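An overview of the molecular structure
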Amino acid sequence: MLGDKKAIVDVGPKSAIPNLLSALSELKISPQEIDHLILTHIHIDHAGGAGTVIREMPTAKVIAHSLARQFLIDPARLWEASVKTLGDLALQYGSIEPVPEDRFMAATDMMKIDLGHGLVLEIYLTPGHAPHHLSLFDRANGILIAGEAAGVCLDGVIRLATPPPFKLEETLSSMDRLISLDPSMICYGHFGSYDNAVERLRLVRSKLLTWHEIVGPAAREGKNPEQILSLLREKDQSLNYLDSLDESTYRREHTFLLNSINGLSRSIGRTG
């Protein structure tokens, strides 16, 4: 985002950094001009490349939730958890390099980042998808940068993103907070931007309750994540988007869906 100052939101994994630097070059922006790297959360697909790219940005600060600090400065545990959860996909994303301690800045709730020319980003802590999740709001233009607080959007279809540790009430509270901002546009970390922001936020809130009602009894009956996914597909026709995906994208989505089911299952007391 451009004003007198320049910010990048979610740099992506290490494997994406060459493309990021190429995109900056196409925009005729030098990496040395970047002032802020803002991370909506520190999952590897959003933040895994922060320690790599900040070497090219000598004046930039990494702004993230205070809970993210230890994992960015010493990413060994974050990398281990990423590989455990995502397997080969984490290896494709690339290893996580540390962010220098003096380059980290903790985000606080309702903190404002003034980029100049009237462009101000308001930070809202929105735990749910992750305990360290934050969202950004450009109030002047009504633009919400949601990260994964409002799920994932593929070709207009919204799916939930509720990996462990998932807490329903906390997530609903974050959704209510974003709805109260009354944004006109929502920008997803995955993928795209849409004008009917409040309608989409309300859909996610409703879907959270629906999925929780489906997954809860199934998990208590001892159904495994694959069985629960089949049940969700019977009840939620929006999941038919899976049928139109290429093999690689399907594998990725399948992995994330099972992880979301695990989050929902464990939130109602199942530990397996």
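To be clear, the structure that these remarks concern was listed above.
Source: prediction; values computed, not measured.

1. Topic: the pattern of salt bridges
Counted according to the given criterion, the structure contains 13 salt bridges. A salt bridge links Glu33 to Lys6, with the nearest nitrogen and oxygen atoms 3.5 Å apart. Placement of Glu33 in the loop between helix H1 (17-26) and strand E2 (36-38) and of Lys6 in the segment before strand E1 (7-9) is noted, with a sequence separation of 27 residues between them. Judged by relative accessible area, which is 33%, Glu33 ranks as partly exposed. The partner of Glu247 in a salt bridge is Arg251, with the nearest N and O atoms 3.1 Å apart. Of the two residues, Glu247 and Arg251 are both situated in helix H10 (residues 247-267); the distance of four residues between them amounts to about one turn of the helix. According to the relative accessible area criterion, Arg251 is partly exposed, its value standing at 48%.

2. Structural notes on the state of the cysteines
Following the criterion strictly, the structure yields zero disulfides and no others. Free of any disulfide, Cys153 has its nearest neighbouring cysteine sulfur in Cys187, separated by 11 Å.

3. Some words on helix H9 (residues 225-235)
Within the span of H9, buried status applies to Ile228, Leu229 and Leu232. For H9, the angular spread of buried residues about the axis comes to 105°, placing them on one side. Contacts from the buried residues of H9 go to helix H8 (197-220) and H10. Structurally, the start of H9 carries an N-cap: the backbone nitrogen of Glu226 is 3.1 Å from a side-chain oxygen of Asn224.

Parameters at a glance
- Residues numbered from 1 in each chain as written.
- Predicted model: local features only at pLDDT ≥ 70, side-chain atom pairs only at ≥ 80, totals over all residues.
- Heavy atoms only, no water.
- Salt bridge = Lys/Arg side-chain N within 4 Å of Asp/Glu carboxyl O.
- Helix = DSSP H or I, 4+ residues; strand = E, 2+ residues; numbered from the N terminus.
- Buried < 20%, exposed > 50% of the residue type's maximum accessible area, 1.4 Å probe, protein only.
- Disulfide = S-S within 2.5 Å.
- Arc of directions from axis to C-beta.
- Contact = heavy atoms within 4.5 Å.
- Polar contact = N/O pair within 3.5 Å; in protein donor to acceptor, adjacent residues only side chain to side chain.

Such coordinate-based values are descriptive only and should not be taken to indicate function.
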